Amino acid sequence: MSLRSSPIPYLVTMAFALTANAYAADFGGTGVGPIPDNTPAGINISFNSAGFNQPVGDVKLKLNINHTWMGDLKVTLTSPGGVATMVMMSRAGVRTGGGYPNADLAGVYTFSDFGGDLWAAVPVAGVIPPGAYRTSTRGAELTPSGTNSGGGCFTSMAGAFAGLSPVDASGVWTLNIADVAAGDAGNVTAATLTLTPQADAIFGSGFEVASRGICKLARMDFTGRGRSSYVVVRNTGGGPSGDVTWFVKDNNSAAGGADSSFLFGKATDRFLQGDWDGDGLADAAVWRPGTPALFIIRPSSHPTLLRTLAFGQTGDDPSITDDFDGDGLTDFAVFRAGASTGLASHTLIKLNASGAERDVTTGVNGSFPASGDYNGDGMADIANQESVGGAGNFRLFNTVTGAQFSTFTQGLPTDIIIDGNYAGTFYDDITTVRAVGGVLQWTTRDSATATIQPTVAFGASSTDFALTGDYDGDGLDDYSIWRPSATVGASKFSVRPSAAPATPIDIPMGANGDYPVGNARTH
């Protein structure tokens, strides 16, 4: 197949509007008490918010809690009727290779989008100082042996709960605190849930804080494992614009985990993923061509409440959506090619948090874009691939100032660009893929050192879709492909894990005619 003719898709985001003036309301929790040891069902604390009659703008939780070995705990908040849910912390402080810290909770802790870094406060042994902290992504798993290095990223309570209507916000909220490991116990003596209406929330609280904590999230982590999930989409409705079903396999081990599916999008859409709600989990999304085009998001925190934003137009490329302001949220973006030879191409960006828009000149007609943090400042840049003297020439642009900050030659202008971090730094790299003798040849340029790494042969050019993703959870993306097959049950993902490249992982999944969402970040 022609690699460049494969469908592409990817990211987006939402801002939360302000409404009439209102005030925060506190709701005391009932059902406080002992947290049973090694009991996944945990303890449920209820907050009755009956009478709250404004759309939610912000959420805050205060707990008086005592528990040894805080890493045993998983804390989940769910809105009335289960409309929205969020894991506030889980396995906090547990890092691969860093041990299991003997850190305890003892006092009053407040969780909101304006607190400090909980993971930075975790001692090797001792009490985590009481105070205000941000919610965070889950730490490394111990069983099966986890390699997740992505724990401790800030998440957003506003992203999960802001925008809930008065009907969805009024009722019984549930806080579940579960101790999922043996040997330690604790208790909750008091709990308070604070709901702030949108008028007082200032764009969803914390979204304006350009900070993502101490880690980097794996792309396409739909289940919170700290590893990319295996995801394909399928036209189950039939016809050129049939309804599409997403199939997700939990990446919990080398053999793969539980399967789930949901109906979302049309066959004519571009299929995307990103973290628009800020909960640390991937959200499914589509971009629907039109004038205007539509981004439609299915947030992981509240999948029944879709988000829609008109942005772009037919002919634009939405595969460059990324975090362009460093706040840890995916921003809306499209690449618009110049109308004819020699005319400027543009990257159009709409920031998730503020709604501010940018129009950055990035290359000319006939060039190809990619996005990533190529200079290590925490904000996505645009890479532009063009043909110069028969070679692939790259120009890198800062999307805040529009300035070109680097240019270099790599590969051929017909090579495919794969987004990701393959070299082991906190910079994203330029990786190109080329078919040579029926084999996919992957070449990565380390953005931190400008060093071209040895080319790796992996995949068959006639059948395979090149993918991006961190499937072994070590913080580096892996060279990986999805191979469709007409034989039932023979389609599969194949991963060359960066942690053990000599031992590829094969995961049977999908069917001939499916599309792997991990291919969305190819250009």
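See the structure above.
Residues numbered from 1 in each chain as written. Predicted model: local features only at pLDDT ≥ 70, side-chain atom pairs only at ≥ 80, totals over all residues. Heavy atoms only, no water.

Asker: Would you mind showing me how to read the side chain of Asp-72 here?
Answerer: Along the chain, Asp-72 falls in the loop between strand E4 (56–67) and strand E5 (73–78). Notably, Asp-72 is buried but unbridged: the nearest opposite-charge side chain belongs to Arg-91, and the N-O separation is 10 Å. Not counting chain neighbours up to four residues away, the residues in contact with Asp-72 comprise His-67, Tyr-100, Ala-178, Asp-179, Val-180, Ala-181, Ala-182 and Asp-184. (Helix = DSSP H or I, 4+ residues; strand = E, 2+ residues; numbered from the N terminus. Buried < 20%, exposed > 50% of the residue type's maximum accessible area, 1.4 Å probe, protein only. Lys, Arg positive; Asp, Glu negative; His and termini not counted. Salt bridge = Lys/Arg side-chain N within 4 Å of Asp/Glu carboxyl O. Contact = heavy atoms within 4.5 Å.)

Asker: How should I be thinking about the pairing of E4 in this particular structure?
Answerer: Sheet faces and side chains relate simply in a regular strand, where the side chains alternate between the two faces. Sheet topology places E4 next to strand E11 (residues 186–197); eleven bridges connect them, and they run antiparallel. The residue bridging His-67 from the neighbouring strand is Gly-186, located in E11. Sheet analysis places E4 next to strand E7 (residues 102–116), joined by seven bridges and oriented antiparallel. Note on E7: the bridge partner recorded for His-67 is Leu-105. (Pairing = 2+ DSSP bridges.)

Asker: Which parts of the structure should I look at to understand the packing of aromatic side chains?
Answerer: Each pair of aromatic rings is reported with the distance of its centres and the angle of its planes. Here the structure, examined in full by the defined rule, presents 17 aromatic pairs. An angle of 45° between the planes, with centres 5.8 Å apart, marks the rings of Phe-465 and Trp-482 as tilted. Of this pair, Phe-465 sits in strand E31 (residues 465–467) while Trp-482 is found in strand E32 (residues 479–483), placing the two residues 17 residues apart along the sequence. Its relative accessible area of 10% is what places Phe-465 among the buried residues. You can call Trp-482 buried: its relative accessible area is 0%. The ring centre of Phe-247 lies 4.3 Å from the NZ or CZ of Arg-234, which sits over that ring. Sitting over the ring of Phe-262, Arg-298 keeps its end group 3.7 Å from the ring centre. (Phe/Tyr/Trp six-rings, centres within 6.5 Å; stacked < 30°, edge-to-face > 60°. Lys NZ or Arg CZ within 6 Å of the ring centre and 35° of its normal.)

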